Amino acid sequence: MLLLGIDIGTSSIKVSVVDPETQAAIASAQYPDEESPILAPQPGWAEQSPDMWWLQVQQAIQLCNKSGKYDPNDISAIGIAYQMHGLVLVNKDQQVLRNSIIWCDSRAVETGEKAFKAIGEKKCLERLLNSPGNFTASKLAWVKQNEPDVYDQIDKIMLPGDFIAMRLTGAITTSESALSEGIFFDFKENKLSKDIIKYFGFSTPFFPEVQPVFSNHGELLPAIAKILGLKAGIPVAYKAGDQPNNALSLNVLNPGEVAATAGTSGVIYGVSDKLAYDPQSRVNTFAHVNYTEKQKRLGVLLCINGTGRLYSWVKTLFGPSVSYTQMNEKAAQSPSGSYGLRILPFGNGVERMLNNKPIGAHFHNIDLNVHSKEHIMRAVQEGIACAFRYGLDIMRENGMNPSVIRAGKANLFLSDLFAEIFVNATGVPVELYKNDGSVGAALGAGIGSKVFTSPAEAFSKMEKIKVIEPASNNKFEPVYQDWKNLLLEHLKINQ
């Protein structure tokens, strides 16, 4: 009995096949090798094709099967993690009506701000725990306002993971966690928000059947099973957004526990048992994977759009012939503070922690006689770590004070230098684990299909790699304060 996990990232699709006995991957594959495109028909827009995701999922699963390390017929359940907040629209024939408006798209900011004021800021925060902002509900409203011919054909709206599950099974479901990340969920009523539906004029039948995160979301269709080389009828037993899934992957399920990730975007995600919110909606609160009406488990999420996205941009310009590992080695040759070079790592859509201000990415204090690409590579990592610190301070204002942060040794945390800078910037120790979103999704499928009796059992063999403590002579604070002053100047300019 094996478990298959699918992670629908912005850059690529990754799949892993996990042995529930060892709780470890026996094979993994990623597709494509290069980063998937983000389409930007206009500045501030960001789209991807759901059909592209589906083709990539098929390729990744077939690649994994070709490893020969397992019998595909032994796979008994599938779990899906996915990039959050994306809007997928299908008609009654389950055909995609337009590209997905993805998480970092900024076109619906004004739409969400108008809804925030019209519904009432206090009501939104108390019931939705967030401003509608540029989340999925506002994106759907934008389509309604600007593409009525598309809107009129809608049968169901979905998030990216719901779409892939539909392609696998033919069934369309969602969860309370998914509805909350789309800002469709009323936490006071514990159901679809009447305020959002009424204000935007949405049709209630647009929304799929609501199921628990850990449950049967449909069974693999025979025709699809044949394409994928799997058994027909195995269930999709788990679906969750990538950040709740990352937290699950790190066994972050209880109040006070905190996870971090630094992929295309950067996130700190803490668990709370309180229906609390940031008054400015700079950090956001959603239903966690183990949320129930009786046992509240909320994920408080800080998101920085431009972390790995900025690092890949810098690689394209300054290190196209080197690997990320070599970039990290070059960055380590530069001294702390990068001789005064400061980088604001934004520019991948508006940043919620900056009150949805589109300030862009900025390089400051470049000295043409001093700074080389090695300094730029380090300054990017320092700027990203400073952005994490700025956001963590907002979380601290809202009562989230982590004594330790768990992270998977993946993406930017593969860089020992970045992990060290992150710890010294935030002042919080980091525990690094052998962790992967696709493995977490597979183990989630094990929970949903009752292979495991509880999440605790599913992660009982989680492997800690090391703990990184802040330096005893930590001298990073002046670098951060200098960086913060530059950020505040840009925020004033954009008021």
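Residues numbered from 1 in each chain as written. Predicted model: local features only at pLDDT ≥ 70, side-chain atom pairs only at ≥ 80, totals over all residues. Heavy atoms only, no water.

**Q** What's the story with the overall build of the protein chain in this structure? I'm lost.
**A** Looking only at helices and strands, the protein chain features 17 helices and 22 strands. Against the globule reference of 23 Å for 495 residues, the protein chain gives a C-alpha radius of gyration of 22 Å, in line with a compact fold. Each of the three principal axes of the protein chain carries a C-alpha extent, and together these read 65 × 55 × 40 Å. Out of the 495 residues in the protein chain, the part that is buried amounts to 61%. For the protein chain, the proportion of contacts with a sequence separation of at least 24, taken over those separated by at least 6, is 75%. By element, 48% of the accessible surface of the protein chain is carried by carbon and sulfur atoms, the whole surface being about 19,000 Å². Each charge class in the protein chain was averaged separately, 47 positive and 50 negative side chains, and the resulting centres sit 3 Å apart. (Helix = DSSP H or I, 4+ residues; strand = E, 2+ residues; numbered from the N terminus. Rg over C-alpha atoms; globule rule 2.2 N^0.38 Å. Buried < 20%, exposed > 50% of the residue type's maximum accessible area, 1.4 Å probe, protein only. Contact = heavy atoms within 4.5 Å. Areas by Shrake-Rupley, 256 points an atom, 1.4 Å probe, with all protein chains shown as cover. Lys, Arg positive; Asp, Glu negative; His and termini not counted. Charge placed at Lys NZ, Arg CZ, Asp CG, Glu CD.)

**Q** Looking at this structure, how should I read the packing of aromatic side chains?
**A** How two aromatic rings sit relative to each other is given by the distance of their centres and the angle of their planes. Per the counting criterion, the structure on display carries 21 aromatic pairs. Judged by centre distance (6.5 Å) and plane angle (65°), the rings of tyrosine 390 and tryptophan 483 are edge-to-face. Taken together, the residues tyrosine 390 in helix α13 (residues 373-397) and tryptophan 483 in helix α17 (residues 477-493) connect sequence positions 93 residues apart. The pair formed by tyrosine 390 and tryptophan 483 is uniform in burial state, with each residue classed as buried. Connected via pairs of aromatic rings, a cluster forms that spans Phe184, Tyr199, Phe200, Phe202 and Phe207. (Phe/Tyr/Trp six-rings, centres within 6.5 Å; stacked < 30°, edge-to-face > 60°.)

**Q** I would appreciate a short explanation of the pattern of salt bridges in the present structure.
**A** Pairing between side chains of opposite charge can happen when the charged atoms of each approach one another. Under the defined criterion, the tally for this structure stands at 27 salt bridges. Between glutamate 147 and arginine 98 there is a salt bridge, with the nearest N and O atoms lying 2.7 Å from each other. Of this pair, glutamate 147 sits in the loop between α4 (136-146) and α5 (148-151) while arginine 98 is found in the loop between β6 (88-90) and β7 (100-101), placing the two residues 49 residues apart along the sequence. As far as the burial class goes, glutamate 147 and arginine 98 line up, both buried. (Salt bridge = Lys/Arg side-chain N within 4 Å of Asp/Glu carboxyl O.)

**Q** Could you clarify how one ought to interpret the sheet that holds strand β13 (residues 236-241) in this entry?
**A** Neighbouring strands of a sheet are bound in pairs by backbone hydrogen bonds; such pairs are parallel or else antiparallel. Strand order in this open sheet of five strands is β3-β2-β1-β5-β13, and the pairing throughout is mixed. In this open sheet, the two strands that pair with only one neighbour each are β3 (24-31) and β13. Along the sheet, successive strands turn relative to each other by an average axial angle of 15°, direction set aside. Helix-sheet contacts for helix α10 (residues 242-249) involve β5 (75-82) and β13, and the interaxial angle to β13 is about 110°. (Pairing = 2+ DSSP bridges. Axes fitted to C-alpha atoms, helices over the stretch in contact; angles between N-to-C directions.)

**Q** Is there a simple way to think about the pairing of strand β14 (residues 258-262) in this case?
**A** Each regular strand displays side chains that alternate between the two surfaces of the sheet. With five of five residues buried, β14 lies mostly within the body of the structure. With burial as the criterion, each face of β14 is covered, one bearing Val258, Ala260 and Ala262 and the other bearing Ala259 and Thr261. Bridge analysis of β14 against strand β15 (residues 266-272) gives five bridges, and the strand direction is antiparallel. Each residue of the ladder has a partner; that of alanine 260, found in β15, is isoleucine 268. Here β14 hands over to β15 after three residues, the two strands then running antiparallel side by side. The pairing of β14 with strand β20 (residues 405-408) spans two bridges and is parallel. Across the sheet, the residue bridging to alanine 259 is arginine 406, located in β20.

**Q** What exactly am I supposed to notice about the sheet that holds β20 here?
**A** The strand order across the open sheet built from seven strands is β16-β17-β15-β14-β20-β21-β22, with neighbouring strands paired in mixed fashion. The sheet is open, and its two edges are formed by β16 (284-287) and β22 (464-468), each paired on a single side. Across this sheet, the average inter-strand angle for adjacent strands is 25°, counted without regard to direction. Helix α14 (residues 416-426) rests against β14, β15, β20, β21 (430-433) and β22 of the sheet, and its axis sits at about 45° to β22.

**Q** Sorry if this is basic, but what is going on with unusual backbone geometry here?
**A** One can expect most non-glycine residues to show negative phi and most peptide bonds to be in trans. Residue tyrosine 31 is joined to proline 32 through a cis peptide bond whose omega torsion reads -5°. With phi around 65°, glutamine 94 is a residue other than glycine that occupies positive phi space. Within the secondary structure, glutamine 94 sits in the loop between β6 and β7. You will see that leucine 129, though not glycine, has its phi angle at about 70°, which is positive. By the element assignment, leucine 129 lies in the loop between α3 (121-127) and α4.

**Q** Any chance you could explain the side chain of histidine 375 here in plain terms?
**A** Turning to its location among the elements, histidine 375 is positioned in helix α13. Looking at histidine 375, the relative accessible area reads 10%, which means it is buried. Not counting residues within four places of it along the chain, the set of residues in contact with histidine 375 comprises Ser334, Pro335, Ser338, Tyr339, Leu341 and Val370.

**Q** Hey, could you run me through the environment of serine 11 in this one?
**A** In this fold, serine 11 is placed in the loop between β1 (2-8) and β2 (13-19). Separated by 343 residues in sequence, serine 11 and leucine 354 have C-alpha atoms that sit 24 Å apart. Setting aside chain neighbours within four positions, we find serine 11 in contact with Pro32, Glu34, Glu35, Ser36 and Thr264.

**Q** Quick question: what am I supposed to make of the pairing of β5 here?
**A** Of all eight residues in β5, eight are buried; the element is thus mostly enclosed. Relative to β5, β1 is paired through seven bridges, and the arrangement is parallel. In the sheet register, aspartate 7 faces β5, and the bridge partner there is alanine 81. Direction of pairing for β5 relative to β13: parallel, over a ladder of five bridges. Note that in β13 the partner of tyrosine 82 across the bridge is glycine 241.

**Q** Please clarify how the environment of tryptophan 53 should be interpreted in this entry.
**A** With respect to the element layout, tryptophan 53 can be found in helix α1 (residues 50-65). Residues tryptophan 53 and lysine 198, spaced 145 residues apart in sequence, show a C-alpha to C-alpha distance of 32 Å. The residues contacting tryptophan 53, other than those within four sequence positions of it, are Ile8, Ile13, Gln48, Gln83, Val88, Ser100, Ile102, Pro160, Phe163 and Ile164. Of note is the side chain of tryptophan 53, whose polar atom sits 3.1 Å from the side chain of glutamine 48. (Polar contact = N/O pair within 3.5 Å; in protein donor to acceptor, adjacent residues only side chain to side chain.)

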